[in-house]
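# Descriptive analysis of the structure
Each chain, written out:
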Amino acid sequence: MPDEGPLSPGELLDLDRRHVWHPYGPMPGTAEPLVVESAAGVRLRLAEPAFGQRELVDGMASWWSALHGYNHPVLNAAARDQLDRMSHVMFGGLTHEPAVRLATRLVGITPEPLRHVFLADSGSVSVEVAIKMCLQYWRSLGRPAKRRLLTWRGGYHGDTWHPMSVCDPDGGMHRLWSGALPRQIFAGAPPAGFDAPPEPGYAASLRELVATHAGELAAVIVEPVVQNAGGMRFHSPDYLRVLREACDEHDVLLVFDEIATGFGRTGGVLFAADHAGVAPDVMCVGKALTGGYLSMAATLCTPRVAEGISRGEVPVLAHGPTFMANPLAAAVAGASVDLLLAGDWAAEVKRIETGLRDGLAPAAELPGVRDVRVLGAIGVIQLDHRVEMAAATAAAVSRGVWLRPFGDLVYTMPPYVTDDADLALICGAACAAAEAG
Ligand SMILES: *Cc1c(COP(=O)(O)O)cnc(C)c1O
């Protein structure tokens, strides 16, 4: 490796392939990634043209996170200001304004009575913390048998151990681990369709499962309204009300994983729980929390959960990541949330929803397309076969758009600042990707 000066794209790719793991990839790598040099607004700038394109409109918002686009002056300023004060201090025995402000802000915008906040360093860790809170709550109350979880099929909650145990057991990426993971209880996947009238039979099956397993259940954990990485499926908010009632009736805690759905993504409401008008006992947020700048997530809980834990034999939550409440991430997260709330996010998401509906509609006519669906700033084309990923990605990139299909899906969740022209470009590329893939 040259000791001085930047790596050429060729050198960089060679070293990358030999040494660097990529998500869900083999080692050494086989697929060649694109080298990104910088990013601004909704555009990624490549080190070298790919399929004739030097800049790509990002249809993925860096996996749901870059709400305001890249290199945003307000978020940059927040990061710089904080960097000049301190980028990090430990959180044990110390506290600081960025964390306190952020936690208070989150309590203010999430459903009441979520009032306590654990600032974790990634989404998966925030789900681990949520699960630990629930199990410890019942232990503290002298009911250690309540240590299993119930979820519905088709979910995704992260890649660390306990979150994997509540991901879809068959279709998901974690099938390999069945037998090694804790065995949880699975309901069928929720019937599809945000606006579809709820199916009484399915609702009854949820109630029955909670009732049957109440003695061993610590919590029910679900992604509200949108199951993302488990298949990009939407369901009726009614099932969340059913779960809330069943959990209340049978003394089971309810966890909503809003890591993908939070901060307005599903349209009309800041959090998907608000579509149902119910509050969970524990809630996870992440991804868009820092506007896509840094890794941070949060687990919120109610006073009931916190007091329960604090009355136990070990009256503390035994969790404390080294980089807990990282001031730099917290400062940028605070600025990102403020920026979102200061603007008309609901109108922006509505505008994107309309653009996605119009722009993706032609895909419904393509051969091999099973379904086209849109909710808020989420657009999905589902094929009747696995997407040929290389061909689909190439089709999008050659039209100047970054998309990352998976399974049988070509999908987009663009930054909210994507203008109508770029949105049309994304939709055209998604249709082309569906056709090519
Ligand atoms: C992405 C995601 C996670 C995991 O978050 P990481 O930050 O990738 O660990 C968990 N739950 C849901 C619903 C997600 O979308």
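The rules we used
- Residues numbered from 1 in each chain as written.
- Predicted model: local features only at pLDDT ≥ 70, side-chain atom pairs only at ≥ 80, totals over all residues.
- Heavy atoms only, no water.
- UniProt positions renumbered as here; feature names shortened; annotations may be inferred.
- Helix = DSSP H or I, 4+ residues; strand = E, 2+ residues; numbered from the N terminus.
- Buried < 20%, exposed > 50% of the residue type's maximum accessible area, 1.4 Å probe, protein only.
- Contact = heavy atoms within 4.5 Å.
- Near = heavy atom within 4 Å.
- Polar contact = N/O pair within 3.5 Å; in protein donor to acceptor, adjacent residues only side chain to side chain.
- Areas by Shrake-Rupley, 256 points an atom, 1.4 Å probe, with all protein chains shown as cover.
- Nonpolar A, V, L, I, M, F, W, Y, C, P; charged D, E, K, R; others polar.
- Patch = residues over 30% accessible without salt bridge, like charges linked within 9 Å, V, L, I, M, F, W, Y side chains within 5 Å.
- Salt bridge = Lys/Arg side-chain N within 4 Å of Asp/Glu carboxyl O.
- Axes fitted to C-alpha atoms, helices over the stretch in contact; angles between N-to-C directions.
- Parallel < 35°, antiparallel > 145°, perpendicular 65-115°, else oblique.
- Left-handed = near helix turned anticlockwise from the far one by under 90°.

- Per an unreviewed UniProt entry, the recorded name for the chain is Adenosylmethionine-8-amino-7-oxononanoate aminotransferase, and the organism is Streptomyces millisiae.
- Quoted verbatim from the Pathway (unreviewed entry) heading of the UniProt record, the comment on the chain is "Cofactor biosynthesis; biotin biosynthesis; 7,8-diaminononanoate from 8-amino-7-oxononanoate (SAM route): step 1/1."

## Overview of the environment of Val36
- Within the element layout of this structure, Val36 appears in strand 1 (residues 36-40).
- Among the residues examined, Val36 registers a relative accessible area of 45% and is labelled partly exposed.
- Sequence spacing of Val36 and Ser310 is 274 residues, and the spatial spacing of their C-alpha atoms is 47 Å.
- Not counting residues within four places of it along the chain, the set of residues in contact with Val36 comprises Leu44, Arg45 and Leu46.

## Digging into the site of the ligand
- In the region of the ligand, the neighbouring residues are Ser122, Gly123, Ser124, Tyr156, His157, Gly158, Glu223, Asn228, Asp257, Ile259, Ala260 and Lys287.
- Contact between the ligand and Gly123: an oxygen atom at 2.8 Å from a main-chain N or O atom of the residue.
- One of the side-chain nitrogen or oxygen atoms of Lys287 is found 2.6 Å away from an oxygen atom of the ligand.
- Look at the ligand: alone it shows 380 Å² of surface, and the protein chains cover 83% of it.
- Of the residues contributing to the shell around the ligand, the split by class is three nonpolar, six polar and three charged.

## Re the UniProt feature "binding site: substrate" (unreviewed entry) in the chain
- Here the UniProt feature "binding site: substrate" (unreviewed entry) sits at Trp63, Tyr156, Lys287, Gly320 and Arg404. These residues run over 342 residues, and the two farthest C-alpha atoms among them are 33.6 Å apart, placing them at more than one spot.
- Those residues in contact with Trp63, other than ones at most four positions away along the chain, are Pro23, Tyr24, Lys287, Tyr411 and Met413.
- Looking at the secondary structure, you find Lys287 in the loop between strand 11 (282-285) and strand 12 (297-301).
- On the accessibility criterion, Lys287 (29% relative accessible area) is partly exposed.

## A short note on a nonpolar patch on the surface
- A contiguous nonpolar surface patch, about 340 Å² in accessible area, is contributed by Tyr24, Trp63 and Met173.
- Note on placement: Trp63 falls in helix 2 (residues 61-64).
- You can call Trp63 partly exposed: its relative accessible area is 39%.

## Focus on the packing of helix 5 (residues 123-140) against helix 10 (residues 303-310)
- Running from N to C, helix 5 and helix 10 cross one another at 55°; their axes reach a closest spacing of 8 Å. Looking at the two axes, helix 5 sits oblique to helix 10. For the crossing formed where helix 5 meets helix 10, the hand is left-handed. For the pair helix 5 and helix 10, the contacting residues are Met133, Gln136, Tyr137, Trp138 and Ser140 in the first and Arg304, Val305, Gly308 and Ile309 in the second.
- Broken down by class, the residue content of the contact of helix 5 with helix 10 amounts to five nonpolar, three polar and one charged.

## Quick word on the pattern of salt bridges
- Applying the stated criterion across every chain yields a total of 24 salt bridges.
- The partner of Asp14 in a salt bridge is Arg18, and the shortest N-O contact between them spans 2.8 Å. Here Asp14 pairs with Arg18, and both are found in helix 1 (residues 9-19), just four residues apart, close to one helical turn.
- On the basis of relative accessible area, Asp14 is assigned to the partly exposed category, the value being 30%.
- The salt bridge partner of Arg244 is Asp281, with a shortest N-O separation of 3.0 Å. Linking Arg244 in helix 8 (residues 238-250) with Asp281 in the loop between helix 9 (273-276) and strand 11, this pair joins segments that are 37 residues apart in sequence.
- Taking the relative accessible area as the measure of exposure, Arg244 reaches 11% and is therefore buried.

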